[in-house]
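What follows is each chain in one-letter form.
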Amino acid sequence: MQIAVCDDEKEIRDMFAEKIRKICPKASLSLYRSGEELLLSDQEPDILLLDIQMPGKNGMETAKDLRRKNKKAIIIFVTALDDYVFQAFDVGAFHYLVKPFDDEKFAQVLQNAADQAEDRKRFEDAGRKGEMPSLVITTGGKHITVRLEDIVYAEVFDRKVILHTMDADIEYYGKMKELEEKAGDDFYRTHRSFLVNFGFIRKYDAAAVYLEKGQALISRQNYQSFVKQYLRYNQRKGRR
C-alpha cells in the first residue's frame, strides 16, 4: 500500500510519517513539500494526506489536478480551515480532518482509509478473475461493503447515489459514472439517473424497466441499445 503526505511544513510531514508508521507499518511512505512536487511524481498513492493551505498550488487545486491521472486515490484533507469542506466532495475526498484533532481520531480515519484501500485491491483482483466483486462505500460515517450482484438498481438523487437491494436502500455521496464503470456488463445505464441490474428485470417497455423491486426510467435514445445488451446478457447466462 502506498501512502503519501503533502504538506509544506517539514515538522508536520515528519509528525504524520511517525503516526502512519505506527498505524500502517507495512505501507510504503512518500513525503512531498508541495502540490507541484506531488503532481510531478510518478508514484500513485493509494492514500493521500493533503494540506490545503500551501504556497503555490493549494491542496484543493492539487486534488483536482491529481484526479485527472489518479481517480482511485483516497484523499484525506488535513487543514485548520473548514471553508473547503463542501469542495472536498467535488474531488471525492474520503475525509476532511480539521485541526486540532487527537491521535485516536487520526488513527480511526487512517485505518478506515487503509481498510478501503485493501477492499479496493480485493475488488480489482476479483474483477481480474472474472468474479462479481463488491462495492465499498461510505455512508452515515461508516464504511460498508455491498455485493454488486445484490444491487437491483441504482439511482441518483440530490448528489447522492441510492443503491436499491431487495433488503435495503443505501445512500452515499458518489458518482453514477464511477459505479457504472465498476458494475460491468451485467448492468446497464438506462437513463442518466438510473443503472439497472439485468438479473432482476421482470419486464420492460420503451418507457421503463420493471424490476423485482421498483422500476427505472429508460431514455428513448437508449432503448434499442438496452434491448441489444439485455439479449446479450441472456445469451451469456444461457437464458431464452
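Caption draft 1: Region of interest: the pairing of strand β7 (residues 142–147). Here strand β6 (residues 134–139) runs beside β7; their pairing, made up of six bridges, is antiparallel. In the sheet register, Leu135 faces β7, and the bridge partner there is Val146. Between β6 and β7, which pair antiparallel and follow one another directly, the connecting turn spans two residues, one of which, Gly140, has a positive phi of 60°.

Caption draft 2: Broad picture of the side chain of Gln116. Counting through the fold element by element, Gln116 comes out in helix α5 (residues 103–128). Taking relative accessible area as the criterion, Gln116 reaches 10% and is therefore assigned buried. When sequence neighbours within four positions are dropped, the list of residues in contact with Gln116 reads Ile74, Phe94, Val136, Thr138 and His143.

Caption draft 3: Layout of the pattern of salt bridges. For the structure on display, the rule yields eleven salt bridges. Residue Asp103 is joined to Lys19 by a salt bridge in which the shortest nitrogen-to-oxygen separation is 2.4 Å. Taken together, the positions of Asp103 in helix α5 and Lys19 in helix α1 (residues 10–23) put the pair 84 residues apart, joining distant regions of the chain. Salt-bridge contacts for Glu171 lead to Lys160; the nearest nitrogen and oxygen are separated by 3.4 Å. Taken together, the residues Glu171 in strand β10 (residues 169–173) and Lys160 in strand β9 (residues 160–165) connect sequence positions eleven residues apart. A residue is classified by how much of its surface remains accessible, and Glu171, at 38% relative accessible area, is partly exposed. A relative accessible area of 25% means that Lys160 is categorised as partly exposed. Taken together, the shared-partner salt bridges connect Lys57, Asp65 and Arg68 into one network.

Analysis parameters
- Numbering of residues begins from 1 in every chain and follows the order in which that chain's sequence is written.
- With the structure being a predicted model, the display of local features is reserved for residues of pLDDT at least 70 and the display and counting of side-chain atom pairs for 80 or more, all residues being used for whole-chain, interface and lining totals.
- The side-chain values count all of the structure's non-hydrogen atoms but skip hydrogen atoms and water molecules.
- For two strands to pair, DSSP has to find at least two bridges joining them.
- Only runs of H or I of at least four residues qualify as helices and only runs of E of at least two qualify as strands under DSSP, and these elements are numbered from the N terminus.
- We call a residue buried when its accessible area falls under 20% of the maximum for its residue type, exposed when it is over 50%, and partly exposed in between, using a 1.4 Å probe and counting protein chains only.
- Pairs of residues are marked as contacts when any of their non-hydrogen atoms sit within 4.5 Å.
- By definition, a salt bridge exists where a carboxyl oxygen of Asp or Glu is found within 4 Å of a side-chain nitrogen of Lys or Arg.

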